[in-house]
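The lines below spell out each chain.
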Amino acid sequence: SLNSGKPKDSSTARHAFTHPTPPPREFQRMKVAIIGAGVIGVTTAYELAAQGHQVRVFERNSAAAEATSFANAGVMSAGYAAPWARPGMPRHLLAHLWQRDTSLRIGRLSRHELRWLWQFWKACDSATFARNREHMLRLALYSQQRIQTLTSTLNLAHDRAPGYMVLLRSERERQLIAPSLQVMRDAGLSIKSLNAEEARAIEPALSPDTALAEAIHFADDEVSNCRQFALLLKSEAEALGVQFHFNVQVQPLSPNQPRTIRCTPEDTGETFDAVVVCAGIASAPLTRSLGLRIPLAAVHGYSLSAAVREPLDAPRSGVMDERYKVAISRLGQRIRVSGGSEIGGHANKHDSANIKTLYRVLNDWFPGAARTQDNVQVWKSARPMLADGPPILGASGIPGVWLNLGHGASGWTLACGSARILADGISGRNSEINLQGLGLERLQPT
């Protein structure tokens, strides 16, 4: 079995996990509505049902995990669950605007996206990054523990493989990543630096023709199929009585009746004891009428999924090309190549340069590994990202309305821990981890 990722001897390790708090003596079974059936919504539904609540889930798509959870990289890495807003990122972003092969692209920006970029810019100072980095790491370690508990106790057979490797092509990349690696080591994460020969012992199919200065191996991380897990857990949730409603367009929540779910403008609606908003990028417009100004923006990413052509030429688990920020994952009999960060793009318009970069990186490291001549699934998604990095978990300040949103590119890594935190909050239990920096209050002006 995979290790839990729980660090052994650091301040993060000593304080990240506490003993579970028993449920309140007078438990109140509540009727809870969840808006959104991505991996965040499904895990939240399961955790609430497991604690005894009556749960209904409303989803605008025709099935669970059809949007951001559908074909993501599948990487579950505590070390790489970090804010996008970091020191040097603004300069990095500007430098990449005019490059041909780049992981960052900026399209035509709306006024909202310009405002989001300004907030992002302000969050890139070293003190803010360090604070948000610690909050996300704490949640990621807890979430790793939670998914392994669920997988083991429920016997969820989803495609997964242990370990994750970051590939550095040059000495410059080694120098740039060194400070981040030290932060991870200080937090107690299991990290091993490898030379090219050691890296190929773990991933024998890595092409010898592509320069490899060093590899960083995260033995406690994994790659696994997010959508497959979500569908399996959905079945477990249904067995506990959760009802899923698909092809439903929930209307913005009303300030007069914030706990009432309406599926059409004319609908009188149904009132619940609690409403959890975890609808990805749609969460902001759903809650705007309540006076909540949540700085969410869509940072689009791409993926290619293709059948394995020759297992010996394919990765065993997952790797990431640090230069191009492209992940290559082995998910059962498929290979998934994921990357790109596009701000201001359109969900239905594909950027051919981003897709070419995915093919190029796959060919650099694992030539001939996938059947890329036919039946390749090209996918684009909107990652719901907050300007400063961590998600928002917990009470909204509006009685009965709860938030579980803004996980960005780390949604799969953070999903199971976030869901348990939400369920504990609604049930009146104390959280098993410190929730500092993960609530809506951090966005309030001081």
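The preceding data block contains the structure.
Residues numbered from 1 in each chain as written. Predicted model: local features only at pLDDT ≥ 70, side-chain atom pairs only at ≥ 80, totals over all residues. Heavy atoms only, no water.

Colleague: Please clarify how the pattern of salt bridges should be interpreted in this entry.
Modeller: Pairing between side chains of opposite charge can happen when the charged atoms of each approach one another. Summed over all chains, the structure comprises 19 salt bridges. The shortest N-O distance in the salt bridge between E47 and R420 comes to 3.9 Å. Of this pair, E47 sits in helix α2 (residues 39-50) while R420 sits in helix α11 (residues 411-427), and the two are 373 residues apart along the sequence. For the pair E47 and R420, one class covers both residues: buried. One salt bridge in this structure joins R360 and D364, with 4.0 Å as the shortest N-O distance. A residue pair is termed a helical-turn pair when its members lie 3 or 4 positions apart in one helix, as R360 and D364 do in helix α10 (residues 352-365) at four residues. Here the residues in one salt-bridge network are E47, R146, R420 and D424, joined through shared partners. (Salt bridge = Lys/Arg side-chain N within 4 Å of Asp/Glu carboxyl O. Helix = DSSP H or I, 4+ residues; strand = E, 2+ residues; numbered from the N terminus. Buried < 20%, exposed > 50% of the residue type's maximum accessible area, 1.4 Å probe, protein only.)

Colleague: I keep staring at helix α4 (residues 111-122) and nothing clicks. Help me out?
Modeller: Taking 1.5 Å as the rise per residue, α4 with 12 residues should run 16 Å; its terminal C-alpha atoms sit 17 Å apart, in good agreement. Taken residue by residue, α4 has E113, W116, L117 and F120 as its buried positions. Here the buried residues of α4 occupy an arc of 100 degrees about the axis, which is enough to place them on one side. Structural note: α4 exposes R111 and W118 on the side pointing more than 90 degrees away from its buried face. (Expected span 1.5 Å × (residues − 1). Arc of directions from axis to C-beta.)

Colleague: Any chance you could explain the sheet that holds strand β2 (residues 54-58) here in plain terms?
Modeller: The strands making up a sheet associate through hydrogen bonds between their backbones, and the pairing can be parallel or antiparallel. Strand order in the open sheet formed by six strands is β8-β2-β1-β11-β18-β17, and the pairing between neighbours is mixed. Each edge of the open sheet is held by one strand with a lone partner, namely β8 (243-245) and β17 (392-395). When the angles between neighbouring strand axes are averaged without regard to direction, this sheet yields 20 degrees. When strand β11 (residues 274-277) meets strand β18 (residues 401-405), the two strands line up parallel, connected through three bridges. Across the sheet, the residue bridging to V277 is L403, located in β18. Where α2 meets the sheet, its contacts fall on β1 (31-35), β2, β8, β11 and β18, and the angle it forms with β1 comes to roughly 170 degrees. The strands touched by α11 are β11, β17 and β18; relative to β18, the strand with the most contacts, the crossing angle is about 170 degrees. (Pairing = 2+ DSSP bridges. Axes fitted to C-alpha atoms, helices over the stretch in contact; angles between N-to-C directions. Contact = heavy atoms within 4.5 Å.)

Colleague: How should I be thinking about the packing of α2 against helix α8 (residues 226-239) in this particular structure?
Modeller: Each pair of packed helices gets described by two things: the angle between the helix axes and the distance between those axes. Across the interface, α2 lies against α8 with an axial gap of 9 Å and an inter-helix angle of 30 degrees. The pairing of α2 with α8 is recorded here as roughly parallel in orientation. The hand of the α2/α8 crossing is left-handed. Between α2, through V39, V42, T43 and Y46, and α8, the contact on the second element is made entirely by C226, F229, A230, L233, K234, E236 and A237. Its residues assigned to classes, the contact of α2 with α8 shows eight nonpolar, one polar and two charged. (Parallel < 35°, antiparallel > 145°, perpendicular 65-115°, else oblique. Left-handed = near helix turned anticlockwise from the far one by under 90°. Nonpolar A, V, L, I, M, F, W, Y, C, P; charged D, E, K, R; others polar.)

Colleague: Help me understand the pairing of strand β12 (residues 296-307) in this model?
Modeller: If a strand is regular, its side chains alternate between the two faces of the sheet. The buried fraction of β12 is high, at 11 of 12 residues. Here eight bridges tie β12 to strand β15 (residues 334-343), and the two strands are oriented antiparallel to one another. Across the sheet, A306 pairs through a bridge with I335, a residue of β15.

Colleague: What exactly am I supposed to notice about the nonpolar core here?
Modeller: Across soluble globular proteins, nonpolar side chains show a tendency to be buried alongside one another. I34 and V276 are the most contacted members of the largest nonpolar core, which totals 67 residues. Per-element tally for this core: the top contributor is helix α5 (residues 126-154), with nine residues. Those residues in contact with V276, other than ones at most four positions away along the chain, are V32, A33, I34, I35, T44, L48, W402, N404, L422 and I426. Within the second largest apolar cluster, 28 residues are counted, among which are A196, A215, Y324 and I328. (Core = buried A, V, L, I, M, F, W, Y, C linked by side-chain atoms within 4.5 Å.)

Colleague: How do you make sense of a positive patch on the surface when you look at a structure like this?
Modeller: A grouping of R111, R115, R288 and R293 is seen on the molecular surface, where their side chains present a positively charged patch. Of note, R111 is situated in helix α4. (Patch = residues over 30% accessible without salt bridge, like charges linked within 9 Å, V, L, I, M, F, W, Y side chains within 5 Å. Areas by Shrake-Rupley, 256 points an atom, 1.4 Å probe, with all protein chains shown as cover. Lys, Arg positive; Asp, Glu negative; His and termini not counted. Charge placed at Lys NZ, Arg CZ, Asp CG, Glu CD.)

Colleague: What is the right way to read unusual backbone geometry from this model?
Modeller: Leaving glycine out, the prevailing phi sign among residues is negative, and the prevailing peptide bond configuration is trans. Phi at K325 takes a positive value of approximately 55 degrees, unusual for a residue other than glycine. By secondary structure assignment, the location of K325 is in the loop between β13 (318-321) and β14 (326-331). Positive phi is not limited to glycine here, since N375 has a value of about 55 degrees. Within the element layout of this structure, N375 appears in the loop between α10 and β16 (377-386).

Colleague: Help me understand the packing of aromatic side chains in this model?
Modeller: According to the stated counting rule, one finds nine aromatic pairs in the structure shown. The interplanar angle of 55 degrees and the centroid separation of 5.2 Å between the aromatic rings of F229 and W412 together place this pair among those described as tilted. Here the residue F229 occupies a position in helix α8, and W412 occupies one in helix α11, the gap between them amounting to 183 residues. The interplanar angle of 10 degrees and the centroid separation of 6.1 Å between the aromatic rings of F244 and F246 together place this pair among those described as stacked. Through a chain of ring-to-ring contacts, the aromatic side chains of Y80, Y164 and F218 assemble into a single cluster. (Phe/Tyr/Trp six-rings, centres within 6.5 Å; stacked < 30°, edge-to-face > 60°.)

Colleague: Looking at this structure, I do not really get the packing of α2 against α11. What am I missing?
Modeller: Where α2 contacts α11, the axes come no closer than 8 Å and their chain directions differ by 35 degrees. α11 is crossed by α2, and the crossing has right-handed handedness. Contact with α2, carried on its side by V39, I40, T43, T44, E47 and L48, involves G411, W412, A415, C416, A419, R420, L422, A423 and I426 of α11 and no other residues of that element. Here the contact of α2 with α11 is composed, by residue class, of 10 nonpolar, three polar and two charged.

Colleague: What exactly am I supposed to notice about the pairing of β18 here?
Modeller: Summarising burial for β18: five of the five residues are buried, a large majority. Every second residue of β18 is oriented toward a common face, with V401, L403 and L405 on one face and W402 and N404 on the other, all of them buried. Bridge count between β17 and β18: four bridges; the pairing is antiparallel. By the bridge assignment, L393 is partnered in β18 with N404. Linking β17 to β18, which pair antiparallel, is a turn of five residues; within it G397 sits at a positive phi near 95 degrees.

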